[in-house]
Amino acid sequence: MMKSAVTICLVPEAKQGPFVFHCDPTAAGLQESCRIAAELGFHGVEVFPESAEAFPREHLMRSLATHHLSLAAVGTGAGWVKHKLHMCHADSQLRSQARAFIAGIIDRAGEFGAPAIVGSMQGRFEGNISRDTGLNILADALASLGDHASRHGQVLLYEPLNRYETNLFTQQAEAATFLQSRDCGNVRLLCDLFHMNIEEADSARAILEAGSLVGHIHWADSNRWAMGRGQTNPNPIIAALSSIGYDGYLSAEIFPRPTATEAARQSAESMHRFFSQ
Ligand SMILES: [Mn+2]
């Protein structure tokens, strides 16, 4: 059965970002977001921490336990947003720091039985890094971080982004072919419906074709508001996910509009009505 999750951002520098709840990583902030998530029937939360060092392990453990929630996934994007690191940086030392940053988060997430996400940390090839070199760097990093995740019995989630955010992979099919041909056996695709609305000819078909490589879904409407507030028809997407036997999370990675609680409520409704079918 598919599961539902909602995003919680713990990074002040990302407060304009597409996350439903934004709070400082204190007990009070996390508890309140988790309380609302549980009240709305979500199975889990996806968190976006500042770093492995700043990961609020105890607060999160307590908040999840109090509200009977799971940790769905952990984002690594603060490595880019806050620390300006990414995996394809022209400076090899910064590339190593980017990998170490992600490995640290894999370890924190792994303790909770959750996977880490490589989205904006994939970066873009630029300067004296050619596309081919960039892809080699990406393949090497994903394979090695995927191995790292396997220590925790987890996969690593790789998220193709839209053309304005990366020049590596923007479509699921090309990313799937890449993972399969580059020895990235412990990496799965994160299919973000907002990016897919920009890049795919047919998002449902892309999910069908990615099949068992689909590891996580960012559940967003075309405008990155809650599903139901944009132009996306979720029916064929759910049909595709059912057809591939997907039993992972649908996670609402969207703007907190008109309010965080309303965005969470509408997201929960848009997921849970399918679960009861
Ligand atoms: Mn996403």
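The structure under discussion appears in the preceding block.
Predicted model only: the values in this text are computed from it and were never measured.

1. Some details on the overall build of the protein chain
Helices and strands together make up the secondary structure of the protein chain, namely 10 helices and nine strands. By the compact-globule yardstick of 19 Å for 277 residues, the protein chain fits well, its C-alpha radius of gyration being 17 Å. Over its C-alpha atoms, taken along the principal directions, the protein chain stretches across nearly 50 × 40 × 35 Å. Counting only residues that meet the buried cut, the protein chain has 57% of its 277 residues in that class. In the protein chain, once contacts between residues fewer than 6 apart in sequence are set aside, the share between residues at least 24 apart is 77%. About 11100 Å² of surface is accessible on the protein chain, with carbon and sulfur atoms providing 48% of the total. Each charge class in the protein chain was averaged separately, 22 positive and 29 negative side chains, and the resulting centres sit 2 Å apart.

2. Notes on the side chain of serine 33
Looking at where serine 33 falls in the secondary structure, it is placed in helix α1 (residues 27–39). Discounting residues that sit within four places of it in the chain, serine 33 has contacts with Ile8, Phe21 and Cys23.

3. Thoughts on unusual backbone geometry
Cis rather than trans, the peptide bond between arginine 257 and proline 258 has omega equal to -5°. Locating proline 258 in the fold gives a position in the loop between β9 (249–252) and α10 (260–275). In the Ramachandran plot, histidine 68 falls in the positive-phi region, its phi being about 55° despite a non-glycine side chain. Along the chain, histidine 68 turns up in the loop between α2 (57–66) and β4 (70–75). In the Ramachandran plot, aspartate 183 falls in the positive-phi region, its phi being about 65° despite a non-glycine side chain. Along the polypeptide, aspartate 183 turns up in the loop between α6 (172–181) and β7 (187–192).

4. Brief notes about the coordination of the manganese ion
Distances from the manganese ion to its protein donors, Glu159 (OE), Asp192 (OD), His218 (ND1) and Glu253 (OE), fall within 2.0 to 2.2 Å. All donors to the manganese ion come from one chain, and their sequence spacing reads E-x32-D-x25-H-x34-E. On the criterion of sequence distance, the pair formed by aspartate 192 in strand β7 and glutamate 253 in the loop between β9 and α10 is long-range, its members being 61 residues apart. There is no split in this pair, since aspartate 192 and glutamate 253 are both buried.

5. Some words on the side chain of serine 51
Along the chain, the position of serine 51 falls in the loop between β3 (44–48) and α2. There is a polar contact of 3.4 Å between the side chain of serine 51 and the backbone nitrogen of glutamate 53. Setting aside its immediate chain neighbours within four residues, serine 51 contacts His83, Phe101 and Ile105.

6. Things to note about the nonpolar core
Grouped together as the largest cluster of nonpolar side chains are 92 residues, with contacts concentrated most on Val45, Leu71, Leu142, Tyr158, Ile217, Trp219 and Leu250. The element contributing the most residues to this core is helix α5 (residues 131–150), with nine residues.

7. Some points on the pairing of strand β1 (residues 3–9)
With six of its seven residues buried, β1 lies for the most part within the structure. With four bridges connecting them, β1 and β9 associate as parallel partners. Directly across from valine 6, in β9, lies its bridge partner alanine 252. Relative to β3, β1 is paired through five bridges, and the arrangement is parallel. Its bridge partner lying in β3, cysteine 9 is registered against phenylalanine 48.

8. What to know about the environment of threonine 133
Inspection of the secondary structure assignment puts threonine 133 in helix α5. Look at threonine 133 and you get partly exposed, because its relative accessible area is 34%. As a C-alpha pair, threonine 133 and cysteine 88 span 45 residues in sequence and 8.8 Å in three-dimensional space.

9. Re the packing of aromatic side chains
Counted according to the given criterion, the structure contains four aromatic pairs. Consider the rings of phenylalanine 55 and phenylalanine 112, whose centres lie 5.7 Å apart with planes at 70°: the pair is edge-to-face. Taken together, the residues phenylalanine 55 in the loop between β3 and α2 and phenylalanine 112 in the loop between α4 (92–111) and β5 (116–118) connect sequence positions 57 residues apart. The pair phenylalanine 55 / phenylalanine 112 is uniform in exposure class, with both members buried. Both rings, one in tryptophan 219 and one in phenylalanine 274, keep their centres 6.3 Å apart while their planes meet at 85°; by these two values the pair is edge-to-face. Taken together, the positions of tryptophan 219 in the loop between β8 (214–218) and α9 (234–243) and phenylalanine 274 in helix α10 put the pair 55 residues apart, joining distant regions of the chain. For the pair formed by tryptophan 219 and phenylalanine 274, the shared burial category is buried.

Parameters at a glance
Residues numbered from 1 in each chain as written. Predicted model: local features only at pLDDT ≥ 70, side-chain atom pairs only at ≥ 80, totals over all residues. Heavy atoms only, no water. Helix = DSSP H or I, 4+ residues; strand = E, 2+ residues; numbered from the N terminus. Rg over C-alpha atoms; globule rule 2.2 N^0.38 Å. Buried < 20%, exposed > 50% of the residue type's maximum accessible area, 1.4 Å probe, protein only. Contact = heavy atoms within 4.5 Å. Areas by Shrake-Rupley, 256 points an atom, 1.4 Å probe, with all protein chains shown as cover. Lys, Arg positive; Asp, Glu negative; His and termini not counted. Charge placed at Lys NZ, Arg CZ, Asp CG, Glu CD. Donors = N, O, S within 2.8 Å, 3.2 Å for Na, K, Ca; no water. Polar contact = N/O pair within 3.5 Å; in protein donor to acceptor, adjacent residues only side chain to side chain. Core = buried A, V, L, I, M, F, W, Y, C linked by side-chain atoms within 4.5 Å. Pairing = 2+ DSSP bridges. Phe/Tyr/Trp six-rings, centres within 6.5 Å; stacked < 30°, edge-to-face > 60°.

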